[in-house]
Amino acid sequence: MLGSTILKHRQHVGLQKLSALAGITHSSLGPNKKYKFVQDDTGGQSALVCSCFRILENLELTCAVGQLVYETIQVHQKVYHTGSGSLLFFAGVWSRAALECLQRGISVAHIISAMSEGMDICLDVCRKCSVSAVGLGVEQSESRTATSHASGLQLSKKPIVEASQASCHLQGTTKVCYKTLNAIGQRKIKLSRHFCKVKSENVSTELQPHQPKLPDIAPLAEGLSHGYVDAMNLVVEASRIQSQNNQKDISCSTFDITKVVTCVLPGLPEDQACVLPGCVVLLSSEQASVAHHLTEQHLKVALINGDLSETYRHLGFNRPAGIQCVSDQSDLSNSSKEQEWMEKVVAILLNLKVKLILVSGLVGEKVIQCCRKHHILVVGKVKASVLKAFANATGAIPVSYTTQLSKHCVGTGVKVVIWRDLSSHDRKPLTTVNISTGVNHELVTVILTSCVQGKLQVLEDQFWACAYRLHHVLKDKVLLPGGGVTELLCVHHLQKHAEHHVKHNGKKNGDSVQQTKAETAANPYRDVVLHLMADGLIDYIATVIVNTGKLSKVKAWTAVSQQLQDYNESLDITAKFSQLFLEGDQEDFLIPSLIKTSEAPAIKIYDNLSVKQEAWRKALDLVFLVLQTDAEVITGIDQKTDGAQENLMVL
């Protein structure tokens, strides 16, 4: 994959590989993402991908930098399910910035110091321009007309333009209704191949004394769809069903992502996607016959936390040491032992009158067939959160082994309903079954459908991205202005700090001169590094604009540069800059004076505070790790041309 990239072996090869690897993220940024086919040359198989994480997952990354990048993206994706493309993009542009600094003779220590300061500036901008999701959701909810309320919680596929609450002027004070706790302490670089989960800077929200209600989810979801309107519609519908089944407070919208599951159905059109209460699973024709027998009955359920097999042992189990099998008929003994175990399991289940078993791990085919003979339905690979939901609803107690089951561990009140027979839509005869406990069950299943088999994974990723964006905004209680506005504000402040460093360098006025001299002595290249970091942010904004299909890369850079030149903190930058993404006439992009900021309302596009901050942190940590590794272990250094060799430790 990196074979087409020319690497200069006398420079920092790791940074060059990181920059080259980040090039694959360009098409996965912005609302209009492009599909790609990743083909295996040896086996001939291919995969349809649309996100940075799936591209990396299907590539054979043999170099150390590639494996490090994949592990970093994997950890971020597991927690946030969104923002991986931005993470890798910024790792690429900031690695190029570090390379540029090295070529100018700037030491590694000065690069790390200045980039860390630049990151602190960007995080401070995020804190100051963030807005309260509570106030935003309540205000937009109250402003909705009766007509829009009657149309349900569905989102519009056209961008809804309204007065933005995300305008921030950054004039030393913030206008949000909460206080921000600034983290104290220096940034620490984690020199590990496995990045630890860094806790985002907590933003504590102190609600006003008479806050009327919790935020309405629909208007918040609208600004967080990021082009995935259909997927976000499903998220909002799932929230609506959970709110209806919420016994605690039916007056407010809720969204519990731990009680949401997905079920992908091949062979059906995409417009047949829907949300159903309960847990919908796919069953084979053999298991479907059992489900038909159990339909409309009140079943007893057993919950198994682990694999349902004779050889399974719970995590932490220590096998007896020093025992060896010396029998010549080991296979026969194992087979008879397994058969004896299955008979014992079936006897326990029949004694307790259990007709449904939900297993979080794997279930052997022999076990399924054995239970099928006694009309016992076994469902494997059930999420742990689903087991917990059924445990709360039925009174069942999850156990690790079936031998632990007793009448106190068995739950009651579960129903099995045949939802749809897909035998005619797919080569394999499959049946969808809805398992639920009736009313007041917050567990919901999102049905994702497509006639294209390879697109199902993409649709599932898009749904979870939208779901976790909504989950994080409800958790953070704050939002960031989206559409590149936050990045543009960061560019402005980075350039402002860099210019301040240069301007005050030659002046001779008192205390400010002494402070500037001290900063210059500590890091004389601070302005250069900050400017290069700002260029990386501009590159990100321009790339997103290019992916909208409206401007070329050169024109996008020109438009962003003009906006920065005309920037005035007394104006609403969100109203002005957001036109770059949704304006129809391309020529208007290059003539900012034609955009009337007093008449053009801001576009309602938002980003997650915690996701953006964590993506930036991980990107910079990745650059620092590769930079320091290159600095400590470098081969083929030209001692005559490497001006910063005194700062390197060559092994």
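None of these values were measured; they are calculated from a predicted model. (Residues numbered from 1 in each chain as written. Predicted model: local features only at pLDDT ≥ 70, side-chain atom pairs only at ≥ 80, totals over all residues. Heavy atoms only, no water.)

1. A word on the overall build of the protein
Looking only at helices and strands, the protein features 21 helices and 14 strands. A total of 651 residues make up the protein; the buried ones form 50% of that total. Expressed as a percentage of contacts within the protein between residues at least 6 apart in sequence, the contacts between residues at least 24 apart total 77%. Accessible surface, the protein as shown: approximately 31,600 Å² in total, 51% of it carbon and sulfur. (Helix = DSSP H or I, 4+ residues; strand = E, 2+ residues; numbered from the N terminus. Buried < 20%, exposed > 50% of the residue type's maximum accessible area, 1.4 Å probe, protein only. Contact = heavy atoms within 4.5 Å. Areas by Shrake-Rupley, 256 points an atom, 1.4 Å probe, with all protein chains shown as cover.)

2. Examining the side chain of Gln242
By the secondary structure assignment, Gln242 is in helix α9 (residues 229-244). The buried category is assigned to Gln242, whose relative accessible area is 0%. The residues touching Gln242, leaving out its near neighbours within four places in the chain, are Thr254, Phe255, Asp256, Lys259, Val260, Glu442 and Val444.

3. Observations concerning the packing of aromatic side chains
As enumerated under the stated definition, the model contains nine aromatic pairs in all. For the pair Phe89 and Phe90, a centre-to-centre distance of 6.0 Å together with 90 degrees between the ring planes defines the contact as edge-to-face. In this pair, the class of Phe89 matches that of Phe90, namely buried. Ring-pair connections join several aromatic residues into one group, and the members of that group are Phe89, Phe90, Trp94, Tyr540 and Trp616. (Phe/Tyr/Trp six-rings, centres within 6.5 Å; stacked < 30°, edge-to-face > 60°.)

4. Re the side chain of Ser610
Take Ser610: it is sitting in helix α21 (residues 609-632). Among the polar contacts listed, one links the side chain of Ser610 to the side chain of Asp476, at a separation of 2.6 Å. (Polar contact = N/O pair within 3.5 Å; in protein donor to acceptor, adjacent residues only side chain to side chain.)

5. Some details on the sheet that holds strand β4 (residues 260-266)
Taken together, the three strands give an open sheet; going across it, the order is β4-β12-β5, and neighbouring strands pair in mixed fashion. Single-partner strands in this sheet number two, and they are β4 and β5 (274-277). Averaged over all neighbouring strand pairs, the angle between strand axes comes to 25 degrees, with direction disregarded. In terms of strand pairing, β4 meets strand β12 (residues 444-450) through seven bridges, oriented parallel. The partner of Val261 across the bridge, within β12, is Thr445. In this fold helix α14 (residues 456-476) packs onto β4 and β12, with an angle of close to 160 degrees to the strand it touches most, β4. (Pairing = 2+ DSSP bridges. Axes fitted to C-alpha atoms, helices over the stretch in contact; angles between N-to-C directions.)

6. Considering the packing of helix α3 (residues 64-80) against helix α4 (residues 84-103)
The geometry of a pair of packed helices is captured by two quantities: the angle between their axes and the separation between those axes. Between α3 and α4, whose axes approach to 10 Å, the crossing angle comes to 145 degrees. The crossing of α3 and α4 is right-handed. Facing α3, whose interface residues are Val69, Thr72, Ile73, His76 and Gln77, α4 presents Ser84, Leu87 and Leu88. Here the residues of the contact of α3 with α4 sort into four nonpolar, four polar and no charged. (Left-handed = near helix turned anticlockwise from the far one by under 90°. Nonpolar A, V, L, I, M, F, W, Y, C, P; charged D, E, K, R; others polar.)

7. Remarks on helix α1 (residues 13-21)
Listed as buried for α1 are Gly14, Leu15, Gln16, Leu18, Ser19 and Leu21. Those residues of α1 that are buried are in contact with α2 (52-57), α3, α4 and α21.

8. So, unusual backbone geometry
As a rule of thumb, non-glycine residues mostly have phi less than zero, and peptide bonds are mostly trans rather than cis. Of note in the backbone geometry, Lys353 takes a positive phi value of approximately 60 degrees without being a glycine. Mapping Lys353 onto the fold places it in the loop between α11 (330-352) and β8 (356-359). Residue Lys381 is not a glycine yet carries a positive backbone phi of 55 degrees. Tracing the backbone shows Lys381 in the loop between β9 (377-379) and α13 (384-394).

9. A word on the environment of Val229
Relative to the elements of secondary structure, Val229 occurs in helix α9. Relative accessible area serves as the criterion here: at 14%, Val229 is assigned to the buried category.

10. What to know about α4
Between the first and last C-alpha of α4 there are 29 Å, a value that for 20 residues agrees with the 28 Å anticipated at 1.5 Å per step. Most of α4 sits out of view: 17 of its 20 residues are buried. Looking one or two residues beyond α4, the residue adopting positive phi is Gly105, at roughly 85 degrees. (Expected span 1.5 Å × (residues − 1).)

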